[in-house]
Amino acid sequence: MNFLSLSFAGFGAVVFAGWWGLPAKARPWLLAAANLVFAGLFGPKALVCLVLITLAGYACGLWRQKGGGRAALWLGVVACLAPLLAYKYLPLAGGAFQGLVAPVGLSFYVFKTISYLADVHKGLIPAEKNPLHYFNYVGFFAQLSSGPIQRARTLLPQLKDTALIFDRALAYSGCVRICWGMFLKKCLADHFAAYQGALYQPEHYYGLAVVWSMIAYSLYIYFDFASYSQLSIGVAELLGIQVEENFISPYFSRSIGEFWRRWHISLSGFLRDYIYIPLGGSRNGTAVLILATMATFVASGAWHGATGGFLLWGALHGIWVLIGRATRPARQAFWAKLGQNENSPLRCILGCAFTFLLVTIGWFFFMTGTLPQAGHVARHLFEPFTFSLQYLKESVTQLGYTPAILARLGLFTLLAAGIDWASRSEGFGAWVKKQRLWLLVVLCYLCIFATLFYGSAGTLQNIYFAF
């Protein structure tokens with residue numbers, strides 16, 4: 001069920017009315033029913049997987065609490081990872097496994113379960129004894145299909161809170177997020193997705209069209225995933241549930257390291273806490289740092305897909321992070337000689353532009369997926385450019401753009417970039433809290449108007465549903 005569908009609007013209205021209208025003691029039962037319905041609409045396989053992984057996590061958590069030790073932790077981790085790895089890697093064997101498709105959201109609630117078991121093992125939280133509350137944490141419908149991967153220590157207490165009261169400010173924030181997420185998805189992500197033919201059949205396009213398609217893909221994947229996160233957090237806020245930001249203006253990062261502190265924050269935090277730090281992190285010498293960094297990023301690539309393109313995408317980011325760390329003193333000295341401090345406009349602009357370039361190169365391998373396809377596209381990418389207005393015009397029109405579409409996408413992208421820039425310090429939610437009510441109302445009306453008159457027809461599936 002898509003967050004922007006009419007069916008979800010009806011579903012959400014019923015849940016919202018019941019959540020605030022029923023007695024507080026009935027809320028867990030209502031939420032559990034909503035979670036089951038939401039998961040069930042993705043098919044019986046999705047529902048069965050969710051229930052089985054929930055049972056495994058719940059049982060292993062209680063066992064660990066009662067003295068199960070590392071055996072309980074590792075049994076739970078293996079029980080969760082086994083179906084995830086099977087769905088991702090068995091299709092590579094072909095035959096009967098070739099059509100195996102993972103249930104929507106499997107990765108995200110597997111990671112939530114693993115983080116819960118790890119926190120119980122470390123003694124950061126007690127094991128949840130009530131199976132209803134635990135199921136509501138793992139299967140929370142607002143986060144089921146694409147996250148964010150919220151930790152049990154922050155989400156579980158809120159879901160169990162019988163004293164939870166309607167927070168008008170949080171509800172306003174949720175409405176603004178839903179309008180903003182709808183705008184990002186319908187007016188930006190889905191439109192950018194429609195003009196990427198050069199990345200699939202590059203032989204029919206000019207080299208400049210391929211370059212622009214790469215940039216458009218970078219914008220598409222960000223707007224698509226950020227829109228889902230905004231909608232997810234907005235739905236949770238309407239229920240009085242606070243969720244951490246998942247994206248904080250990542251394309252205004254000045255280094256790859258900063259990019260990963262701003263992009264898909266819940267996944268980045270998961271990989272840091274459960275792969276990078278256990279492998280030694282940055283406090284055990286250079287060799288361990290290199291090993292931990294590369295293992296973390298390659299694991300991220302392997303999670304996205306089992307092909308060479310995804311693995312290379314992860315490895316490239318690991319290499320860039322290591323190069324960034326190694327060259328930091330030299331870069332600091334270089335800028336100091338030029339009289340440019342950390343926040344100087346020149347340093348900021350060049351840092352953001354270079355980081356965006358590196359990220360876009362990485363997205364190239366992410367999008368192509370396989371190394372043969374990447375090589376095929378790259379051969380056309382480096383065709384000689386003709387520096388003329390006619391060549392520029394034909395490159396754009398080949399992709400299907402018209403002057404009106406370009407102007408509209410340009411204006412919408414500037415609006416999104418402006419709000420991203422304004423909220424780069426603390427995130428969208430903190431920015432919303434500081435704004436006057438009339439400005440937020442105007443923003444919501446603009447989003448609704450733009451979506452109604454200029455939004456894409458239909459709604460494409462969010463790209464991270466596939467992961």
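The coordinates are above.
Residues numbered from 1 in each chain as written. Predicted model: local features only at pLDDT ≥ 70, side-chain atom pairs only at ≥ 80, totals over all residues. Heavy atoms only, no water.

Glancing now at the environment of Ile448. Along the chain, the position of Ile448 falls in helix H18 (residues 437-454). With 147 residues separating them in the primary sequence, Ile448 and Gly301 have C-alpha atoms 36 Å apart. With near-sequence residues (within four places) excluded, Ile448 lies in contact with Cys179 and Met182. (Helix = DSSP H or I, 4+ residues; strand = E, 2+ residues; numbered from the N terminus. Contact = heavy atoms within 4.5 Å.)

So, about the packing of helix H8 (residues 207-238) against helix H14 (residues 371-381). Running from N to C, H8 and H14 cross one another at 125°; their axes reach a closest spacing of 8 Å. Between H8 and H14, the crossing angle belongs to the class labelled oblique. Every residue of H14 that contacts H8 at Gly207, Val210, Val211 and Met214 is listed here: Val377, His380 and Leu381. For the contact of H8 with H14, a count of residues per class yields five nonpolar, two polar and no charged. (Axes fitted to C-alpha atoms, helices over the stretch in contact; angles between N-to-C directions. Parallel < 35°, antiparallel > 145°, perpendicular 65-115°, else oblique. Nonpolar A, V, L, I, M, F, W, Y, C, P; charged D, E, K, R; others polar.)

Considering all chains together, one arrives at 54 aromatic pairs under this definition. Ring centres 5.4 Å apart and planes at 90° place the aromatic pair Trp20 and Phe166 in the edge-to-face group. In this pair, Trp20 sits in helix H1 (residues 6-21) while Phe166 sits in the loop between helix H6 (152-160) and helix H7 (168-193), placing the two residues 146 residues apart along the sequence. Where Trp313 meets Trp363, the ring centres are 5.7 Å apart and the plane angle is 15°; that geometry is what we call stacked. With Trp313 in helix H12 (residues 308-337) and Trp363 in helix H13 (residues 345-368), this residue pair connects regions lying 50 residues apart in the sequence. Positioned above the aromatic ring of Tyr137 is the side chain of Lys112, whose terminal nitrogen or guanidinium carbon lies 4.8 Å from the ring centre. (Phe/Tyr/Trp six-rings, centres within 6.5 Å; stacked < 30°, edge-to-face > 60°. Lys NZ or Arg CZ within 6 Å of the ring centre and 35° of its normal.)

Another aspect to go through is H13. When the terminal C-alpha atoms of H13 are compared, their 35 Å separation across 24 residues agrees well with the 34 Å that a helix rising 1.5 Å per residue should span. Just downstream of H13 lies Gly369, where phi reads positive at about 80°. (Expected span 1.5 Å × (residues − 1).)

Quick look at helix H16 (residues 403-422) now. Because an α-helix packs 3.6 residues into every turn, residues spaced three or four apart end up facing the same way. Its 20 residues give H16 an end-to-end C-alpha distance of 28 Å, which sits within 8% of 28 Å, the value for a rise of 1.5 Å per residue. Along H16, the residues classified as buried are Ile405, Leu409, Phe412, Thr413, Ala416, Ile419 and Asp420. The buried residues of H16 occupy an angular sector of 125° when the element is viewed end-on, so they sit on one face. Across H16 from its buried face, at more than 90 degrees, point the exposed residues Pro403, Leu411 and Leu414. Summarising the contacts, the buried residues of H16 are in contact with H7, H8, helix H17 (428-434) and H18. (Buried < 20%, exposed > 50% of the residue type's maximum accessible area, 1.4 Å probe, protein only. Arc of directions from axis to C-beta.)

With that out of the way, let us pick up the nonpolar core. With 128 residues, the main nonpolar core has Tyr116, Phe141, Ile241, Trp263 and Trp363 as its most contacted residues. For this core, the leading source of residues is H8, giving 17 residues. Setting aside anything within four residues of it in sequence, one finds Trp363 in contact with Tyr217, Ser218, Ile221, Tyr251, Phe259, Trp263 and Trp313. (Core = buried A, V, L, I, M, F, W, Y, C linked by side-chain atoms within 4.5 Å.)

Take the packing of H8 against H13 next. One can describe the packing of H8 onto H13 by two numbers: an axis separation of 9 Å at closest approach and a directional angle of 90°. One element, H8, and the other, H13, form an angle in the roughly perpendicular class. Contact residues: H8 offers Met214, Ile215, Tyr217, Ser218 and Ile221, while H13 offers Phe356, Thr360, Trp363, Phe364, Phe366 and Met367.

All right, on to the environment of Ser107 then. Positionally, Ser107 belongs in helix H4 (residues 106-122). Separated by 74 residues in sequence, Ser107 and Gly181 place their C-alpha atoms 22 Å apart.

The next subject is the pattern of salt bridges. Counted under the stated rule, the structure contains eleven salt bridges. Notably, a salt bridge pairs Lys160 with Glu128, separated by 2.8 Å at the nearest N-O pair. Here Glu128 lies in the loop between H4 and helix H5 (131-138) and Lys160 lies in helix H6, a separation of 32 residues in the sequence. Given the relative accessible area of 8%, Glu128 is considered buried. Here Glu342 makes a salt bridge to Arg347, at a shortest N to O gap of 3.6 Å. Glu342 gets classed as partly exposed once you look at its relative accessible area, which sits at 41%. Arg347 gets classed as buried once you look at its relative accessible area, which sits at 11%. (Salt bridge = Lys/Arg side-chain N within 4 Å of Asp/Glu carboxyl O.)

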